[in-house]
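Each chain, letter by letter, is given below.
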Amino acid sequence: MDLLGERRAGAVRATAAILLLFFACGFLLYSFNILSGRREMAALSTTMGQRIIVLDPGHGGVDGGAKGPGGIKEETVVLGVAKYLAKYLEQAGAKVFLTREKDIELAASNVEDLDARLDLARDVAADIFISIHANSFPSPYEFGAQTFYCHNHPGSKFLAENIQDSLVAGIDVLGYNYRKVQEAEYYVLRNLAIPANLIEVGFLSNPREESLLSQSAYQKRLAYCIFVGVVRYFSQDTAIDGPQ
Ligand SMILES: [Zn+2]
């Protein structure tokens, strides 16, 4: 082999070595990602597996709830968010029940409709109950999601704080959401003996937020933030009984 041939052979060997290294690194990174992904999934299913969660998309049927200036109805938005949230929770191993999966009311009267939602939570022995609503206000400038709780259970406030923190950190499309958790005597909260929250996912009375709330990508984002809040709640030792 002449000098040029030797150089060429050397260059080929060097290239082959670099390629081999490249593929080896790629394989290691790939394996690591799969492994760490598996570890995360295992941790998630330890936290979320066997949890029974009732999601309650508010209103439905004859009661459409609030309506934005663009005609977007609360009953539709909250059903979308609840369905995405159910998917995330189920993927993490939780058992999820929705009080409604279509645009229907659950009973002829308003109180019976609400009682039917609470009955489901009792019948399935739910660990937590989350009612999802959308807000409306005379001023078109109000915006932002807000989580409500009541004194029915010490875990309710703790759950609300986890969800609200996650919503504030994860969504600032219209600006910083300064809303904090708030105590409220909602029927669906005070009549349950388990940690229960009611989330107003945003203001339909704000035209910009109404538009966001109507989009499935934004509904998904809301659902993901709520999901993260729920996982954080369950991942803390105090989750079941709330902070002592
Ligand atoms: Zn509502």
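Residues numbered from 1 in each chain as written. Predicted model: local features only at pLDDT ≥ 70, side-chain atom pairs only at ≥ 80, totals over all residues. Heavy atoms only, no water.

**Description of the environment of Asp56**
Piece 1. Assignment of secondary structure puts Asp56 in strand β1 (residues 52-57).
Piece 2. Once the C-alpha coordinates of Asp56 and Ala121 are considered, the two residues, 65 residues apart in sequence, prove to be 9.5 Å apart.
Piece 3. Setting aside residues no more than four positions away along its own chain, Asp56 makes contact with Thr99, Arg117, Phe129, Ile130, Ser131 and Ile132.
Piece 4. Among the polar contacts made by the side chain of Asp56, one reaches the side chain of Ser131 at a distance of 2.7 Å. (Helix = DSSP H or I, 4+ residues; strand = E, 2+ residues; numbered from the N terminus. Contact = heavy atoms within 4.5 Å. Polar contact = N/O pair within 3.5 Å; in protein donor to acceptor, adjacent residues only side chain to side chain.)

**Things to note about the nonpolar core**
Grouped burial of nonpolar side chains is what soluble globular proteins tend to show.
Piece 1. In this structure, Leu89 and Val230 are the most contacted members of the largest nonpolar core, which totals 43 residues.
Piece 2. When contributions to this core are tallied by element, the ones reaching two or more residues are β1, α2 (74-91), β2 (95-98), β3 (128-135), α4 (154-170), β6 (196-203), α6 (207-213) and α7 (216-235).
Piece 3. No other element matches the 11 residues that α7 contributes to this core.
Piece 4. The contact partners of Leu89, leaving out residues within four places of it in the chain, are Met48, Ile53, Leu55, Ala94, Val96, Phe227 and Val230. (Core = buried A, V, L, I, M, F, W, Y, C linked by side-chain atoms within 4.5 Å. Buried < 20%, exposed > 50% of the residue type's maximum accessible area, 1.4 Å probe, protein only.)

**A short note on the pairing of β6**
Piece 1. Of all eight residues in β6, eight are buried, a share of seventy percent or more.
Piece 2. Where β3 lies against β6, six bridges are found, and the strand directions are parallel. Opposite Ile132, over in β6, you have Ile199 as the bridge partner.
Piece 3. As judged from the three bridges shared by strand β4 (residues 146-149) and β6, these two strands associate in the antiparallel manner. (Pairing = 2+ DSSP bridges.)

**Some words on the coordination of the zinc ion**
Piece 1. Every protein donor of the zinc ion is accounted for by His59 (NE2), Glu74 (OE) and His133 (ND1), and the metal-donor separations fall at 2.0 to 2.1 Å.
Piece 2. Given the relative accessible area of 17%, His59 is considered buried. (Donors = N, O, S within 2.8 Å, 3.2 Å for Na, K, Ca; no water.)

**Looking at the side chain of Ser156**
Piece 1. One can find Ser156 in helix α4.
Piece 2. Only 2.7 Å separates the side chain of Ser156 from the side chain of Asn152, close enough to count as a polar contact.
Piece 3. With residues near it in sequence (within four places) discarded, Ser156 still touches Tyr149, Cys150, Ile194, Pro195, Ala196 and Asn197.

**Let's talk about the sheet that holds strand β5 (residues 182-183)**
Strands belonging to one sheet form pairs held by backbone hydrogen bonds; the direction of such a pair is parallel or antiparallel.
Piece 1. Here six strands make up an open sheet; going across it, the order is β2-β1-β3-β6-β4-β5 and the pairing mixed. This sheet does not close on itself; its edge strands, each paired only once, are β2 and β5.
Piece 2. The pairing of β4 with β5 spans two bridges and is classified as parallel. Across the sheet, Tyr149 pairs through a bridge with Glu183, a residue of β5.

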